[in-house]
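Descriptive analysis of the structure
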Protein chains: 2
Amino acid sequence: MDTNTVELTPVVPPGKDQQAAGVGILLQIMMLVLSFILGHVLRRHRFYYLPEASASLLIGLIVGGLANISNTETSIRAWFNFHEEFFFLFLLPPIIFQSGFSLAPKPFFSNFGAIVTFAILGTFISAIVTGLLVYLGGVMYLIYQLPLVECLMFGALISATDPVTVLSIFQELGTDMNLYALVFGESVLNDAMAISLYRTMSLVKSNSSGQNFFLIVVRFLETFVGSMSAGVGVGFTSALLFKYAGLDIDNLQNLECCLFVLFPYFSYMLAEGLGLSGIVSILFTGMVMKHYAFSNLSENSQKFVAAFFHLISSLAETFVFIYMGFDIAMEQHSWSHLGFIFFSIIFIGLARAANVFTCAYLLNLVRPAQRQIPVTHQKALWYSGLRGAMAFALALQSIHDLPEGHGQTIFTATTAIVVLTVLLIGGSTGTMLETLHVVGDTHDGHLNDSFETNNGYVAPYDDEESSSSGNRLKMRLKEFHRSAASFSSLDRNYLTPFFTTQTGDRDDNDDSNAEDSLLRSRREGFH
Amino acid sequence: MDTNTVELTPVVPPGKDQQAAGVGILLQIMMLVLSFILGHVLRRHRFYYLPEASASLLIGLIVGGLANISNTETSIRAWFNFHEEFFFLFLLPPIIFQSGFSLAPKPFFSNFGAIVTFAILGTFISAIVTGLLVYLGGVMYLIYQLPLVECLMFGALISATDPVTVLSIFQELGTDMNLYALVFGESVLNDAMAISLYRTMSLVKSNSSGQNFFLIVVRFLETFVGSMSAGVGVGFTSALLFKYAGLDIDNLQNLECCLFVLFPYFSYMLAEGLGLSGIVSILFTGMVMKHYAFSNLSENSQKFVAAFFHLISSLAETFVFIYMGFDIAMEQHSWSHLGFIFFSIIFIGLARAANVFTCAYLLNLVRPAQRQIPVTHQKALWYSGLRGAMAFALALQSIHDLPEGHGQTIFTATTAIVVLTVLLIGGSTGTMLETLHVVGDTHDGHLNDSFETNNGYVAPYDDEESSSSGNRLKMRLKEFHRSAASFSSLDRNYLTPFFTTQTGDRDDNDDSNAEDSLLRSRREGFH
């Protein structure tokens, strides 16, 4: 494929660059089309050992390898290098926005405490554990030695798990909804967490004078809370605009959709422009816009924007894997540190175990008996930690951020981890789910119960007292749950009536068909 | 607005570039939103002196001017430079595709001969006349002297008229459908013609050894016919894919839409990769896909893709004007050749007159009495020749293609012409249409007649013989008309049944409500 198109390139000076761009983009489109068709065929034949994302990655790797062997011109090659800027500014926003936008609010909020714990505390644990293990390994001359800050940066970037592949299989096979919500929520939020941690660490590295742990935490919280507020603010602004601008009449559909489509991007760029995290911001904009602004649109526009975001995000997702595969095949790697790669794979496994089982233990302390996270779910969650484009993009960035050699080592290790986890974990998720007996909606029965419980969540268990040392912690966590429950009444009584054209009673109806909305969200979610 | 965001930029090394990008893109989104809202308000108050495109251009000019005065950082500035590559690869394709896609086939085909004459012969005349006048002006020391080839390149690039502004006003006010079809068709096709001419000329310039006129024409025809075939080929391929792939079932809507959306871009990049003209190719892909592939989609997907292309193209259109305005305000101009600017404005007016009135004369020779192009229409067509983004982008490219100083002069002159024509002609089109009494669908009565006539177009006038010198020409032109009519039966009997799931009789029904479909196309067309 590649050699043909290259031979067609005559030597024409004026439109030369444009022609190279044409060939480059043409190849990319062909790979995209191929991925979509291959993915469709594989899905139709229920072949779960090669999910769409793995197929896209493989296509990228193969075509990249061919382009590497043949004498592809440099001007065409340039179109296949993975540009972090392009990834962060154009590919990532639609993917993350769609995550927030397609989130079914009920199952997400009923597991909100758990998701936040896994995403924030868990990712923090995972990053620190990985970083420390890599550092200790270096100190003990087991692997290539890196400074502590750089180890922590590696820990942060490698803690970003990718939602795309695992979730698409979860959807296909059908699994417990609480597990689904946990994996979905965790993997979306931990991208945001990992990028914030990485940025904070690299900030610490550049101003190495004040390596005060307290300042790091403050800086991190600043970024996270600031980005979240920006995202929520933009979301509420859009809701008010669509409520009062009166654009929901027939011949203004295009204007309405144009504006609706610009808001998420606005939120992302606002956060980036303020030096905050765009992806945290756009994630919350997605959730707020779906919950409030979306219902203010005309019916046609609702259908359109839902399909639009789905389309754009699936194009971006598929493209990310192709792009990554291609770049991996073309990039210079330093394979001199095979030990580093080998041990870091073991370390991330350990770190993810520390993350999942610690958080699950803490959560089970406060959860009522019928809502305990079962061990099978914990194992499934541990297994679902495959690394994708976010880790790859941050690793690529680390080449610029770190001294010669260090960044290269981290990048090569990350590349190896991404390829291995996407292909192996991606291909075996179906088997894993079956082995753990979490396939099929067998646990559906208690789903509605748990929603009921959730609405009156705090009251029945508040008086129950445990005498263990986890007591204070338990109290704190319960307070958090209480605030989550009060949010739900705040939403019903104040936010929904204020920001949407609906009255508050809509939410009550939702409770009864929460299952429907979760099913819908599955279909709308990552394909 | 600008100074504020700039002050917010703290000095943070790691995400610095990304932050600058964030601020840059944020400003662009704000301008986009502003343009959409301003355009909407102006339209609602029926204020035609500042059409949306002019408003966008002004917003860009003003914000660019402010950014120029304030000390905007270079990294942010970089986001506002007009990159021809970005324009040609990402902004132009959706605009041109939408032109082809929203073309109502009937009125377009009934005026096909006229449109092609204006677009190909007319643009050729216009480019040559402008080029020669500029060259002669230089020889006579009236203006800055440029070599003949460069004059012809200037002639070619300045002959690209912009469809956006004028058409949006035509739509608002309502005008004769034949006039609308002529202006629409001419301005879309002449972009393709102008870019092909420009490329051919710049090719001649770089291989200055063989400046054989015959070779130029062959090279031009090669490009044009090759691009058209590529476009039509891709369109037909997509039609067959959607006819046989069986994607029009409910839960595959996303896949169907993804593939449909990728085809136009594929066509564009295929042509560019082969060294042909992407915009000619994508224009024909648009026409073919609308006519054949579109009807093979499921009903939901049809609604979606129509809205999708409309959305994308209106975002791109509005952005082009903002982007252009911003760049004009930021760019270095050489105002030392005011005479060049002044005379070239006069020359393009003369060249457009030569184009329109010559072609109209030729057309009226072969058209039957009731289908003559009236003088008022000719005047309206002459007046509608405002220059937009295509001329601007080619002029920007000429800075690289031409020696120091020459390109700069051409660029400044083009910039001045673009700003003047967009603001003056754009603002006065309403008045012009009223003065010429072509406002309102007053001529609608004979529209259906002319369609009837068109179907049996050749027969009644074939025996009629004129004794003038235009005789041979007339015969040739009639032959052309005959081929157009036979295309229509080829379409009905072979193409439509082969490429779509419909039977051939659909076309006959279309005749009766051709007016409906034109009205629909107006709504779907350039907003």
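This text follows the structure it describes.
Residues numbered from 1 in each chain as written. Chains lettered and ligands numbered in written order. Predicted model: local features only at pLDDT ≥ 70, side-chain atom pairs only at ≥ 80, totals over all residues. Heavy atoms only, no water.

**Quick word on the overall build of chain A**
So the rule is basically this: By definition, any uninterrupted DSSP run of H or I lasting at least four residues is a helix, any uninterrupted run of E lasting at least two residues is a strand, and each is numbered from the N terminus. Here's how the labels work: a residue is buried when its accessible area is under 20% of the maximum for its type, exposed when over 50%, partly exposed in between, all with a 1.4 Å probe on protein chains only. For accessible areas, the Shrake-Rupley method is used with a probe of radius 1.4 Å. Any residue's cover is judged against the shown protein chains and nothing else.
A tally of helices and strands in chain A yields 23 helices and zero strands. Going through the 527 residues of chain A one by one, you find that 61% of them count as buried. For chain A, the computed accessible surface area is about 20000 Å², with 63% contributed by carbon and sulfur atoms.

**Observations concerning a nonpolar patch on the surface**
Here is the rule we go by: Patches draw on residues past 30% relative accessible area with no salt bridge. Two like charges within 9 Å are joined, as are two nonpolar side chains (Val, Leu, Ile, Met, Phe, Trp, Tyr) within 5 Å. Here, a salt bridge means any Lys or Arg side-chain nitrogen found within 4 Å of an Asp or Glu carboxyl oxygen.
Where nonpolar side chains cluster on the molecular surface, the patch consists of A:Leu136, A:Val139, A:Met140 and A:Leu142 and spans about 370 Å² of accessible area. The partly exposed category is assigned to A:Val139, whose relative accessible area is 38%.

**Things to note about the relation of the copies chain B and chain A**
Each of the two chain copies can be brought onto the other by rotation about an axis and movement along it. The criterion, for reference: Here the copies were fitted onto each other by least squares, based on C-alpha atoms from residues at pLDDT of at least 70 in both. Every residue pair with non-hydrogen atoms within 4.5 Å of one another is taken to be in contact.
The two copies are related by a screw operation: chain B maps onto chain A through 180° of rotation and 0.0 Å of translation along the axis, at an RMSD of 0.0 Å. Such a combination of rotation and displacement between the chain copies is what one expects of a two-fold axis. Among all residues of chain B, the one whose C-alpha sits closest to the rotation axis is B:Phe304, at a distance of 3.1 Å. Mapped onto chain A, 100% of the interface residues of chain B again fall at the interface, so both copies present the same surface.

**Focus on the interface of chain B and chain A**
The condition that has to hold: The term buried area means the drop in 1.4 Å probe accessible area that two parts suffer when joined, counted for both and summed.
Across the boundary between the two partners, chain B contributes 53 residues, which contact 53 residues of chain A. Counting each side, the surface lost to burial between chain B and chain A is near 5000 Å², with a carbon and sulfur contribution of 76%. Counting the contacts that link chain B with chain A gives zero salt bridges. Broken down by secondary-structure element, the contributors of at least two residues to the side of chain B that touches chain A are α2 (16–44), α5 (84–101), α10 (177–206), α12 (253–273) and α14 (299–330) of chain B. Looking at the side of chain B that touches chain A, the element that brings in the most residues is α2(B), giving 15 residues.

**Re the pattern of salt bridges**
Residue and element names in this part refer to chain A. Counted by the stated rule, this structure contains five salt bridges over all chains. Here Glu186 makes a salt bridge to Arg352, at a shortest N to O gap of 3.1 Å. Pair noted here: Glu186 is in helix α10 (residues 177–206) and Arg352 is in helix α15 (residues 338–366), with a separation of 166 residues, a long-range link. Taken individually, Glu186 and Arg352 each receive the classification buried, so the pair is uniform in this respect. Ionic pairing is found between Glu272 and Arg199, a salt bridge with its closest N-O pair at 4.0 Å. With Glu272 in helix α12 (residues 253–273) and Arg199 in helix α10, this pair connects stretches of sequence that are 73 residues apart. The pair formed by Glu272 and Arg199 is uniform in burial state, with each residue classed as buried.

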